[in-house]
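Now for the letters of each chain:
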Amino acid sequence: MKLDTKVIHGGPLTDQHTGSSSIPIYQSSTFHQKNFAEAQEFTYTRFGNPTRQALEETIACLEFAEHGYAFSSGMAAISAVLLNFSAGDHVVFCKDIYGGAHQLVSEMFPKHGIEYSYVDETDPSAWETAIQANTKAFYIETPSNPLLKITDIQAVASLAKENGITTIIDNTFMTPVYQNPIKLGVDIVIHSATKFINGHSDVTAGLVVTSNEEIAEMLCKTQKMFGSMLDPHNCWLVLRGIKTMKIRMDSKTENAAFIANELQHHNKVRAVYYPTLANHAGADIHAKQATSGGAVLTIDLGTYENAAVFFENITVPIVAVSLGGVESILSYPYTMSHACVPEKERIELGVTEGLIRLSCGIEDKQDLLDDIVKALEYVDAGAVSQDAGQDSMVEPF
Ligand SMILES: Cc1ncc(COP(=O)(O)O)c(C=O)c1O
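1. Observations regarding the pairing of strand E12 (residues 355–359)
Working step 1: Burial runs high along E12: five of the five residues are buried.
Working step 2: Here E12 shows a buried face lined by Leu355, Arg357 and Ser359 and a second buried face lined by Ile356 and Leu358.
Working step 3: Across five bridges, the pairing between strand E9 (residues 296–300) and E12 is antiparallel. Bridged to leucine 297 within E12 is leucine 358.

2. Some thoughts on the site of the ligand
Working step 1: What surrounds the ligand is a group of 13 residues, the closest being Gly74, Met75, Asp170, Thr194 and Lys195.
Working step 2: In this structure, an oxygen atom belonging to the ligand sits 2.8 Å away from a main-chain N or O atom of methionine 75.
Working step 3: Within the side chain of aspartate 170, a nitrogen or oxygen atom sits 2.6 Å from a nitrogen atom of the ligand.
Working step 4: About the coverage of the ligand: the protein hides 90% of its 390 Å² of free accessible area.

3. Topic: the sheet that holds strand E1 (residues 67–71)
Working step 1: One open sheet accounts for seven strands, arranged E1-E7-E6-E5-E4-E2-E3; its pairing is mixed. Whereas interior strands pair on both sides, the edge strands pair on one side only; in this sheet they are E1 and strand E3 (115–119). This sheet shows a mean twist of 20° between the axes of neighbouring strands, independent of strand direction.
Working step 2: Inspection of the sheet shows strand E4 (residues 135–141) paired to strand E5 (residues 166–170) by five bridges, in the parallel sense. Pairing of glutamate 141 across the sheet is with aspartate 170, part of E5.
Working step 3: Set on the sheet, helix H3 (residues 74–82) makes contact with E1, strand E2 (90–94), E4, E5, strand E6 (188–192) and strand E7 (206–210); between it and E6 the angle comes to about 155°.

4. A look at the domain arrangement of the protein chain
Working step 1: When cut into domains, the protein chain gives domain 1 (3–243) and domain 2 (246–385).
Working step 2: Each of domain 1 and domain 2 has a C-alpha centre, and these two points are 26 Å apart.
Working step 3: Each side of the interface is counted separately: domain 1 has 40 residues, and domain 2 has 44 residues.
Working step 4: Between domain 1 and domain 2 the total buried area reaches about 3200 Å² when both faces are included, carbon and sulfur atoms providing 61% of it.
Working step 5: The largest contributions to the domain 1 side of the interface with domain 2 come from Leu147, Tyr178 and Phe196, which together make up 24% of the buried area.

5. Quick notes on the pattern of salt bridges
Working step 1: Going through the model one piece at a time under the given rule, you end up with ten salt bridges.
Working step 2: When the shortest N-O distance is used, the salt bridge between aspartate 187 and lysine 161 registers 3.6 Å. Of this pair, aspartate 187 sits in the loop between helix H7 (175–178) and E6 while lysine 161 sits in helix H6 (residues 153–162), and the two are 26 residues apart along the sequence.
Working step 3: Assessed through its relative accessible area of 15%, aspartate 187 is described here as buried.
Working step 4: Aspartate 371 is paired through a salt bridge with lysine 374; the nearest N and O atoms lie 4.0 Å apart. A residue pair is termed a helical-turn pair when its members lie 3 or 4 positions apart in one helix, as aspartate 371 and lysine 374 do in helix H14 (residues 365–376) at three residues.
Working step 5: Here aspartate 371 falls in the buried class, since its relative accessible area comes to 4%.
Working step 6: Judged by its relative accessible area of 37%, lysine 374 is partly exposed.

6. Things to note about the environment of serine 86
Working step 1: For serine 86, the position within the fold is in the loop between H3 and E2.
Working step 2: Between the alpha carbons of serine 86 and glutamate 115 there is a distance of 9.3 Å; along the sequence they are 29 residues apart.
Working step 3: Setting aside anything within four residues of it in sequence, one finds serine 86 in contact with His112, Gly113 and Ile114.

7. Looking at helix H12 (residues 304–313)
Working step 1: Inspection of H12 places Asn306, Ala307, Phe310, Phe311 and Asn313 among the buried residues, and these make up the whole buried set.
Working step 2: In this structure, the buried residues of H12 make contact with E9, strand E10 (318–319), strand E11 (329–331), E12, H14 and helix H15 (381–385).

8. Description of the sheet that holds strand E8 (residues 271–273)
Strand-to-strand pairing in sheets goes through backbone hydrogen bonds, with the strands running parallel or antiparallel.
Working step 1: In space, the five strands of this open sheet follow the order E8-E9-E12-E11-E10, with mixed pairing throughout. The two strands at the open ends of the sheet, each matched to only one other strand, are E8 and E10.
Working step 2: Pairing geometry for E10 and E11, over two bridges, is parallel. Looking across to E11, one finds that valine 319 is bridged to leucine 330.
Working step 3: Most of the contacts of helix H10 (residues 245–263) go to E9, to which it runs at about 20°, and overall it touches E8, E9 and E12.

9. A short note on the pairing of E1
Working step 1: With four of its five residues buried, E1 lies for the most part within the structure.
Working step 2: Direction of pairing for E1 relative to E7: antiparallel, over a ladder of five bridges. Its bridge partner being in E7, tyrosine 69 is matched across the sheet by valine 208.

10. Re helix H9 (residues 232–243)
Working step 1: Its twelve residues give H9 an end-to-end C-alpha distance of 17 Å, which sits within 8% of 16 Å, the value for a rise of 1.5 Å per residue.
Working step 2: Taken residue by residue, H9 has Pro232, Asn234, Cys235, Leu237, Val238, Leu239, Gly241 and Ile242 as its buried positions.
Working step 3: Where H9 is buried, its residues contact helix H1 (3–9), helix H2 (50–62) and H10.
Working step 4: Of the residues flanking the start of H9, the one acting as N-cap is aspartate 231, its side-chain oxygen 3.2 Å from the backbone nitrogen of histidine 233.

Parameters and conventions
Residues numbered from 1 in each chain as written. Predicted model: local features only at pLDDT ≥ 70, side-chain atom pairs only at ≥ 80, totals over all residues. Heavy atoms only, no water. Buried < 20%, exposed > 50% of the residue type's maximum accessible area, 1.4 Å probe, protein only. Helix = DSSP H or I, 4+ residues; strand = E, 2+ residues; numbered from the N terminus. Pairing = 2+ DSSP bridges. Near = heavy atom within 4 Å. Polar contact = N/O pair within 3.5 Å; in protein donor to acceptor, adjacent residues only side chain to side chain. Areas by Shrake-Rupley, 256 points an atom, 1.4 Å probe, with all protein chains shown as cover. Axes fitted to C-alpha atoms, helices over the stretch in contact; angles between N-to-C directions. Contact = heavy atoms within 4.5 Å. Domains from an automatic or database assignment. Buried area = accessible area lost by both parts, 1.4 Å probe. Salt bridge = Lys/Arg side-chain N within 4 Å of Asp/Glu carboxyl O. Expected span 1.5 Å × (residues − 1).

Have a look at this one:
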């Protein structure tokens, strides 16, 4: 089945009881038990709910996995996976990791006695060097946020397998439309469904899939014990979002590739980061493991002042934390997604004051480009070409 068909027919499409063309929102916390002493499929929504089950089956199918789990946010999904490690375990993370996951690791792992280290994700030998006797997992994000750094998924997953290590990936940026990590040997795939999968900036949700029975059992229990499952109404909204995910992604991605291409030689832009640009580090690896560059690009305007005038003059995208909506979303990683990464680390990662991240929506691509080019008129070309320096730091909010 092709993906265009699968987003509609991959999970349950109609309600088995009524034939309803939309899976109903089973807005119920509990279920009448016909026989109090006998088990039945649904008993209590925290343990299982038909609307959630439909979503979980759908995401499992789209990611070529056996099991899916829906959580109340991407962070709830990440926590469910990561907080299952035990005292004395060691986890290796890609350096360019989402700020919220970075904060979870640096604040919660020490409390639970879980060890961790970060590696330059673009260098497969760095993953190998980081392995310790107690290493239990590798954690990848590719393309990463916000610099779109590329990790060779297959190389890292096969190194993990040789060493009895579990591979976890945050696949939010690519979605199941463009990258299917289970097929590349990854054990656990996480999504912030808040972003492209739901796609309308009106839900927070997280999804996890796996084909490993032991991990599946652990996730099912965690969902129940942490109580961090997604509620029926939001499950229904995400299910609805999935039906148009393929056409939305294709439209956004066309816009992003067009803009990245147009801006790469613009004299007011110091650098454009987008995975399918020929000069993007790891573009060849990305092309091997994904079928598109995705809808996110990051541009470097050199200084805080340039970023500020750009934000003041842009009119089409909304300025917000988040990405993946039908509307274009412009954000400032330095004080938004990466605010909780200590300043020194942020700078070392390359998350500097001149960076602006654009998540393309489904608007007309020329309208988007014209708006960006107009806002760039206010940018100081001299400052773009000079070294940005760090003497005008702004406080993260
Ligand atoms: C790559 C990535 N993973 C995870 C998350 C966390 O998702 P949520 O905000 O749904 O908790 C985000 C949020 O921006 C993200 O960008």
